[in-house]
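Spelled out, the chains give:
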Amino acid sequence: MTYQVDDNGFYGEFGGAYVPEILYKTVDTLKQCYRSILESEEFQKEYMYLLRDYVGRPSPLYYASRMSEKYGCKLYLKREDLNHTGAHKINNAIGQILLAKKMGKTRIIAETGAGQHGVATATVCALMNMPCRVYMGALDVERQFPNVERMRMLGAEVFPVQSGNKTLKDATNEAIRDWCCHPADTFYIIGSTVGPHPYPDIVARLQSIISAEIKEQLMEKEGRDYPDYLMACVGGGSNAAGTIFNYIDDDRVKIVLGEAGGLGMETLQTAASLQIGTIGILHGSRIKVMQTEDGQIIEPYSISAGLDYPGTGPIHCNLYEQGRAQVLAANDDEALQAAFELTRLEGIIPALESSHALALLPKMKFKKDDVVVLTVSGRGDKDMATYLKHKDEINYDAI
Ligand SMILES: *Cc1c(COP(=O)(O)O)cnc(C)c1O
């Protein structure tokens, strides 16, 4: 029994590759070659070199002593916020562009919602001198304009998508359309553990550096290489997948995931797709999706743009349905409170997404000796406007 992907690209009943006929060969070629490329010495050498000297890895595993005291456990923070470009997404973007080059691709496409994955992709395209087109819903182009400017400064072409609700799902459709038109020369860099197989496995492997480092760092700090708890936020699932990858089949380690409750799961103003979604096909994969009875996607809502996705990748759907992972929702107000708490107790301003993992701490019952590792997926610079807007709603006495 394993929670890793099976030979057909499934995680239990989730996953697979539901792609248009015209992409079948492209996706199949990727499926045939990704493992051998990712595991090759040549790839590993270049990837590890860039992770160290360009991204700044290993990211520290920081013992948060004031937070530990407050929550009655030994809390370590895995500091993905300290990476170049400010989040974990760069780990994956670097790996995928190296994969694209090894496969002889000459053009990169991506889609982005909040712009974080777009910026990571534009960054590695500048680094590797590859042309890059990023699809982005026209509404998101307006809402996330600083990231649009960053991508353009990096040399990427940002293409505003006018169809549908003009958000992430529409940008994804447009990126898939582009891929269908240029399957031979174009590599589609997907930013999370979503999309058709083998993408979820590719992204999980490229993010697994997070848990590989946790193992070594815990050995050094605690004398054992596993924690009692691993905690992370889930949007599509990539920072969580990287955090748990090397522990997924180790039942000594409990997994706790925070999805975006938005205004509350009962309101439908939410992005808690693991808990309220139903099985459907989205982005080429069989996953849990927020949809109406006749299969129309319900527009998700979260204060955090990076968690505002109507589904969750197949890995986490399976972990949740099998009971391997505990999944809790953190609502907007709880995430905001958690962000200010980490800022005031530890001097670290987290991304709003990461705050959804931190917001689970008050919901947990730890024992004093429990070793808890929580991944801080990104830094909060991009969220300053939101934090300042809500600063008067924070209960400072509770911190
Ligand atoms: C994109 C993003 C997320 C959500 O994506 P996952 O694939 O679920 O990790 C979380 N945190 C930050 C900082 C992000 O930029």
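Structure: see above.
Calculation rules
- Per chain, residue numbering runs from 1 following the sequence as it is written.
- Since the coordinates come from a predicted model, pLDDT governs what is reported: local features require at least 70, and pairs of side-chain atoms require 80 or more to be given and counted, while whole-chain, interface and lining totals use all residues.
- The side-chain numbers reported here are obtained from all heavy atoms of the structure, hydrogens and water having been left aside.
- DSSP calls a pair of strands paired once it identifies at least 2 bridges connecting them.
- Comment: elements are numbered from the N terminus, with helices defined as DSSP H or I runs of at least four residues and strands as E runs of at least two.
- Helix axes use the C-alpha atoms of the stretch in contact, all axes being lines fitted to C-alpha atoms, and the angles between their N-to-C directions lie in the range 0 to 180 degrees.
- Contact definition: two residues touch when any of their heavy atoms are within 4.5 Å.
- To sort residues, take the accessible area from a 1.4 Å probe on protein chains only and compare it with the maximum for the residue type: under 20% means buried, over 50% means exposed, and anything in between is partly exposed.
- Any residue with a non-hydrogen atom lying within 4 Å of a molecule or strand is treated as near it.
- N or O atoms closer than or at 3.5 Å make up a polar contact, with two conditions inside protein: a donor-capable atom paired with an acceptor-capable one, and, for residues adjacent in sequence, both atoms drawn from side chains.
- The method behind every accessible area is Shrake-Rupley, applied with a 1.4 Å probe, and residues are considered shielded solely by the protein chains displayed.
- When residues are grouped by polarity, Ala, Val, Leu, Ile, Met, Phe, Trp, Tyr, Cys and Pro land in nonpolar, Asp, Glu, Lys and Arg in charged, and all others, Gly among them, in polar.
- Throughout, right-handed denotes a crossover for which the path from the first strand over the helix to the second runs clockwise when the strands point away from the viewer.

Asks: I would appreciate a short explanation of the sheet that holds strand 10 (residues 254-262) in the present structure.
Replies: Sheet strands line up and pair through hydrogen bonds in the backbone, either parallel or antiparallel. Ordered by their spatial adjacency, six strands build an open sheet running 3-4-15-9-10-14, and the pairing between neighbours is mixed. Strands with a single pairing partner mark the edges of an open sheet, and in this sheet they are strand 3 (61-63) and strand 14 (325-331). With strand direction ignored, the average angle separating the axes of adjacent strands in the sheet is 25°. Alignment of strand 9 (residues 229-233) against strand 15 (residues 371-376), held across three bridges, turns out to be parallel. Pairing of Y229 across the sheet is with V372, part of strand 15. Contacting strand 3, strand 4 (74-79), strand 9 and strand 15, helix 10 (residues 209-222) crosses the sheet at an angle of about 140° to strand 4.

Asks: I keep staring at the sheet that holds strand 8 (residues 186-188) and nothing clicks. Help me out?
Replies: Strand order across the open sheet formed by four strands is 7-6-5-8, with parallel pairing between neighbours. Both edges of this open sheet fall to strand 7 (157-161) and strand 8, since each of them pairs with a single strand only. Strand-to-strand, the axes of this sheet are offset by a mean angle of 25°, without reference to chain direction. Pairing between strand 5 (residues 107-112) and strand 8: three bridges, direction parallel. Each residue of the ladder has a partner; that of R107, found in strand 8, is T186.

Asks: Teacher, can you tell me more about the environment of A87 here?
Replies: The residue A87 is located in the loop between strand 4 and helix 4 (89-102) in this model. Given the relative accessible area of 11%, A87 is considered buried. A sequence separation of 32 residues divides A87 from V55, and the C-alpha atoms of the two residues are 9.8 Å apart. Excluding residues within four positions of it along the chain, A87 makes contact with E80, S377 and G378.

Asks: Just checking my understanding: could you explain the site of the ligand for this structure?
Replies: In the vicinity of the ligand there are 18 residues, among which K89, S192, G235, S238 and S377 approach most closely. K89 places a side-chain nitrogen or oxygen 2.7 Å from an oxygen atom of the ligand. The side chain of S377 places a nitrogen or oxygen atom 2.7 Å from a nitrogen atom of the ligand. For the ligand, whose accessible area on its own is 390 Å², the fraction buried by protein is 97%. Split into classes, the residues belonging to the shell around the ligand amount to five nonpolar, eleven polar and two charged.

Asks: Honestly, the pairing of strand 6 (residues 132-137) in this entry has me stumped. Any pointers?
Replies: Every other side chain in a regular strand lies on the same face of the sheet, so the side chains alternate between the two faces. Among the six residues of strand 6, five are classified as buried, and the element is accordingly described as predominantly covered. Two elements, strand 5 and strand 6, share five bridges in a ladder whose sense is parallel. Pairing of I108 across the sheet is with C132, part of strand 6. Remark: the strand 5/helix 5 (residues 116-128)/strand 6 crossover connection has right-handed handedness. For strand 6 and strand 7, the ladder comprises five bridges, and the chain directions are parallel. In the sheet register, M136 faces strand 7, and the bridge partner there is P160.

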